[in-house]
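Close look at the chain arrangement
For reference, the chains in residue letters:
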Amino acid sequence: MTSLEAPALTYSSAPGRWVVTVTVLGSGIAALDATVVNIALPTIGREFHTGVGALQWVMSGYTLTLAAFLLIGGSLGDRYGRRRVYLAGVLWFALASAACGFAPNATFLIVMRVLQGVGAALLTPGSLAILEASFVPADRSRAIGAWSGLGGVATAAGPLLGGYLISAASWRWIFFINLPISAVVIALGARHVPESRDPAATGRQDWTGALTAVLFLTGITFAFIEGPALGWSSPVVLAMAVIGVAGLATFLLAERRSAAPMLPLSIFADRQFAATNAVTFIVYAALTGATFLLPVMLQVVSGYSPLASGLALLPLTFIMLGLSARSGRLASQIGPRLQMSVGPVVVGAGFALLTLATHGSSYVVYVLPAVLVFGLGLAITVAPLTATAMSSAPAELSGVASAVNNDVARFGGLLAVAVLPPLAGITGTAYLHPAALAAGFRTAVLIAAGMCVVGGLLAAVTIRNPARVARPAPAGAGVPAGAGALPGAGEPAAGEPAPQAVPAGAGWAECLHCGLEAPPLITGGRPAVPAEPRDR
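Position labels on residues start from 1 in each chain and follow its written sequence. Only residues with pLDDT of at least 70 are given local features in this predicted model, and only at 80 or more are side-chain atom pairs given and counted; all residues enter the totals for whole chains, interfaces and linings. Side-chain measures were taken over the full set of non-hydrogen atoms in the model, leaving aside hydrogen atoms and water.

Describing the overall build of the chain
Starting at the N terminus, helices and strands are each numbered in turn, a helix being any DSSP run of H or I of at least four residues and a strand any DSSP run of E of at least two. Looking only at helices and strands, one finds 18 helices and two strands in the chain. Of the contacts formed within the chain by residues at least 6 apart in sequence, a portion of 83% connects residues at least 24 apart. The contact definition used throughout considers only heavy atoms, calling two residues in contact when any of these lie within 4.5 Å.

Right under this line is the structure:
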């Protein structure tokens, strides 16, 4: 099936349910490995006798290639077949996971995590693209909603499963568990998922953009992670910093000159889009940096088991699943500005409360209040943030806009994992000493709290609520005069139906699957673009 043919599947059909199952399982293992590895970091560090820098690379290596190749992964699926690229990504991910599980040392594990991120970049955009290409329009939202909800459950179960595997067997099983799941995905996908592609996807792939992005991300990340250990004047650190800066300059030049750029730079000309992504960068950097250190602190300072530390953030997942859809509906009614301004500040308050987590081992007293507060802040923030990033981009660039917003979040997290520990004084093997780690953790979460406050202030200054869009009421609806009219608008002409207010952004299907790690990745269609926004 190509995009020129009508999608044939319905949500209630058995083939439709198989497609949802395949996409949930595949994207679920990629989302899982982005978070569950946090729980294993202290165990990995002790087994390999390594410092915090190597643990940062275990996390950042995966995120680095995932962020760099995400846009390319989506375009490869459009061109060569979404099912084909998706299943290839699952296979690649599985092989890299097996290699991670057999890692004899930290260096080998880091290299395999880098390769694992490439596989995730191939399969992550493909899961939603398959749903959009396979289901009839009337059932597409139901399919995406099921994918989102089931993926959220999988994400919530990940820390529980990971903590159990580490406690009962070995940290290596958090990677080995991907193998049987991947085998099921490949077998079911080959049998039940229809192939689809975009016949209009022609021209050369922007490999120059992808490779220069890798150089930029690798150089900057290396400099920030290794600088504290090797010294900022170290020739290796300086050389990698130069490579990073040169990679960024080359990337921007290549994207400006390319006929089919991976990242059209013109998309940032819209102030609303640029501002939304700036807020995304700040909030997700703070979130990733704090949650990178939290499981390590709980195990080393508070004496939690891997399983208990994995369960620490479980309420956050349920808060997001329970409140994000309501938050999105509220933003469609009142506009995103208030929520995007207040939400990050609430997140920051939660991070500030985490300073108490080093004072005792009671989860209910010292950890849960902070998790509830910053979970509420994220629920307030994430849905309007993502919808605003999408609605402020041109309709023809909706897929790119979603991928950019997702990549910005991952890049923010990548830098935070590299920068936050040394800023807080957590270097070398300090993470193995409870007193040093406790002091550094308190500094780190206060820095994260300050970043969130800055993000909220930035949103208050730069984000605009979109104008309400008037549409004709159904015949005979009988709307009272002036109801829903734009301020200052005149009465409808004789014989014309009265206008009815429609909140801009209404009609979005809520997608919560990856809301804890990065904004949802939306790969296809979207509602009509609202009228030109105005300040309110």
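Describing the packing of helix α2 (residues 37–48) against helix α3 (residues 52–80)
Where α2 meets α3, the closest approach of the two axes is 10 Å, and the angle between their N-to-C directions is 150°. Considered as vectors, α2 and α3 are oriented roughly antiparallel to each other. The handedness of the crossing between α2 and α3 comes out as right-handed. Residues Val37, Asn38, Leu41, Ile44 and Gly45 of α2 lie in contact with α3, whose contacting residues are Leu55, Val58 and Met59. The nonpolar class holds Ala, Val, Leu, Ile, Met, Phe, Trp, Tyr, Cys and Pro. Asp, Glu, Lys and Arg form the charged class, and all remaining residues, Gly among them, are polar. For the contact of α2 with α3, the class distribution of residues is six nonpolar, two polar and no charged. Angles here are taken between N-to-C directions and fall from 0 to 180 degrees, while the axes themselves are lines fitted to C-alpha atoms, restricted in helices to the stretch in contact. An angle below 35 degrees is treated as roughly parallel, one above 145 as roughly antiparallel, one from 65 to 115 as roughly perpendicular, and anything else as oblique. Should the near helix be turned anticlockwise from the far one by less than a right angle, the crossing is termed left-handed; should it be turned clockwise, right-handed.

Re the environment of Pro295
Relative to the elements of secondary structure, Pro295 occurs in helix α11 (residues 271–300). Leave out the neighbours within four places in its chain, and Pro295 touches Asn38, Ile39 and Ser309.

Quick word on the nonpolar core
Within the largest apolar cluster, 135 residues are counted, with the highest numbers of intra-cluster contacts made by Leu109, Leu131, Phe351, Leu354, Phe374 and Leu378. The biggest single contributor to this core is α3, with 16 residues. Setting aside anything within four residues of it in sequence, one finds Leu109 in contact with Ile44, Phe48, Val58, Cys100, Ala103, Trp171 and Phe175. We define a nonpolar core as any set of buried Ala, Val, Leu, Ile, Met, Phe, Trp, Tyr and Cys residues linked to one another through side-chain atoms lying within 4.5 Å. Type-normalised accessible area, obtained with a 1.4 Å probe on protein chains alone, sets the label of each residue: buried when under 20%, exposed when over 50%, and partly exposed for intermediate values.

Section: the pattern of salt bridges
Where side chains of opposite charge bring their charged atoms close, a pairing between them can arise. What counts as a salt bridge is simple: a side-chain nitrogen of Lys or Arg found within 4 Å of a carboxyl oxygen of Asp or Glu. This structure, assessed with the given rule, holds one salt bridge. The salt bridge partner of Arg172 is Glu47, with a shortest N-O separation of 2.9 Å. One end of the pair, Arg172, is in the loop between α6 (137–168) and α7 (173–176); the other, Glu47, is in helix α2, with 125 residues separating them in the sequence.

Quick word on the side chain of Ser13
Residue placement: Ser13 occurs in the segment before α1 (14–35). Of the polar contacts made by the side chain of Ser13, one reaches the backbone oxygen of Thr10; its length is 2.7 Å. Contacts described as polar in this section are N or O atom pairs within 3.5 Å, which, within protein, must combine one atom able to donate a hydrogen with one able to accept it, while residues neighboring in sequence count only if both atoms come from side chains.

Considering the side chain of Arg113
Its location among the elements puts Arg113 in helix α5 (residues 106–134). Residue classification places Arg113 among the buried residues on the basis of a relative accessible area of 0%. Not counting the four nearest positions on each side in its chain, Arg113 is found in contact with Asp33, Val37, Val58, Met59, Gly61, Tyr62, Thr65, Cys100 and Phe175.

Considerations on a nonpolar patch on the surface
A patch consists of residues exposed above 30% relative accessible area that lack any salt bridge, with like charges linked at up to 9 Å and nonpolar side chains (Val, Leu, Ile, Met, Phe, Trp, Tyr) linked at up to 5 Å. Computed by Shrake-Rupley with a 1.4 Å probe, the accessible areas treat only the displayed protein chains as cover when residues are assessed. A surface patch of nonpolar side chains, amounting to about 310 Å² of accessible area, comprises Leu330, Ile334, Leu338 and Val342. Mapping Leu330 onto the fold places it in helix α13 (residues 314–334).

As for helix α4 (residues 82–101)
Take the residue count of a helix, subtract one, and multiply by 1.5 Å to get its expected span. Its 20 residues place the ends of α4 28 Å apart at the C-alpha level, agreeing with the 28 Å of an ideal helix rising 1.5 Å per residue. Burial analysis of α4 places 14 of its 20 residues in the buried class, the great majority of the element.

Details of unusual backbone geometry
A positive phi angle is found at His49, which is not glycine, with a value near 55°. Inspection of the secondary structure puts His49 in the loop between α2 and α3.

Quick notes on the confidence of the model for the chain
As a per-residue measure, pLDDT tells how confident the predictor is, with possible values from 0 to 100. Residues of the chain with pLDDT of at least 70 account for 85%, and the chain-wide mean is 82. A low-confidence stretch, residues 475–510 (pLDDT under 50), is modelled with 51 contacts involving residues beyond four sequence positions or located in other chains. Per-residue pLDDT stays below 50 along residues 525–536; that stretch engages in 33 contacts with residues further than four places along the chain or on separate chains.

What to know about the packing of aromatic side chains
Pairing of aromatic side chains here covers Phe, Tyr and the six-membered ring of Trp, requires ring centres within 6.5 Å, and sorts the geometry by plane angle: under 30 degrees stacked, over 60 edge-to-face, intermediate tilted. Applying the stated criterion to the full structure yields eleven aromatic pairs. Each ring, one from Trp57 and one from Phe222, has its centre 6.2 Å from the other, and the planes form 45°; the classification is tilted. Note that Trp57 is positioned in helix α3 and Phe222 in helix α9 (residues 207–230), a separation of 165 residues in sequence. In terms of burial, Trp57 and Phe222 fall into one category: buried. Centre to centre, the rings of Tyr62 and Phe93 are 6.4 Å apart; their planes meet at 75°, and the pair counts as edge-to-face. With Tyr62 in helix α3 and Phe93 in helix α4, this residue pair connects regions lying 31 residues apart in the sequence. Comparing Tyr62 with Phe93, the two get one shared label, buried. Put simply, the rings of Phe48, Trp171 and Phe175 pair up and form one aromatic cluster. Only when the NZ atom of a Lys or the CZ atom of an Arg is both within 6 Å of the ring centre and within 35 degrees of the ring normal do we say a charge sits over the ring. Here the basic side chain of Arg17 rests over the ring of Tyr11, its NZ or CZ set 4.6 Å away from the ring centre.

Re helix α8 (residues 178–192)
For α8, spanning 15 residues, the distance from its first C-alpha to its last is 20 Å, which sits close to the expected 21 Å at 1.5 Å a residue. Within the sequence span of α8, burial applies to Asn178, Ser182, Val185, Leu188 and Gly189. An end-on view of α8 places all buried positions within 140° of arc, on one side of the element. Buried residues along α8 sit against α1, α4, α5 and α7. Read the arc as the range of directions from the helix axis to the C-beta atoms.

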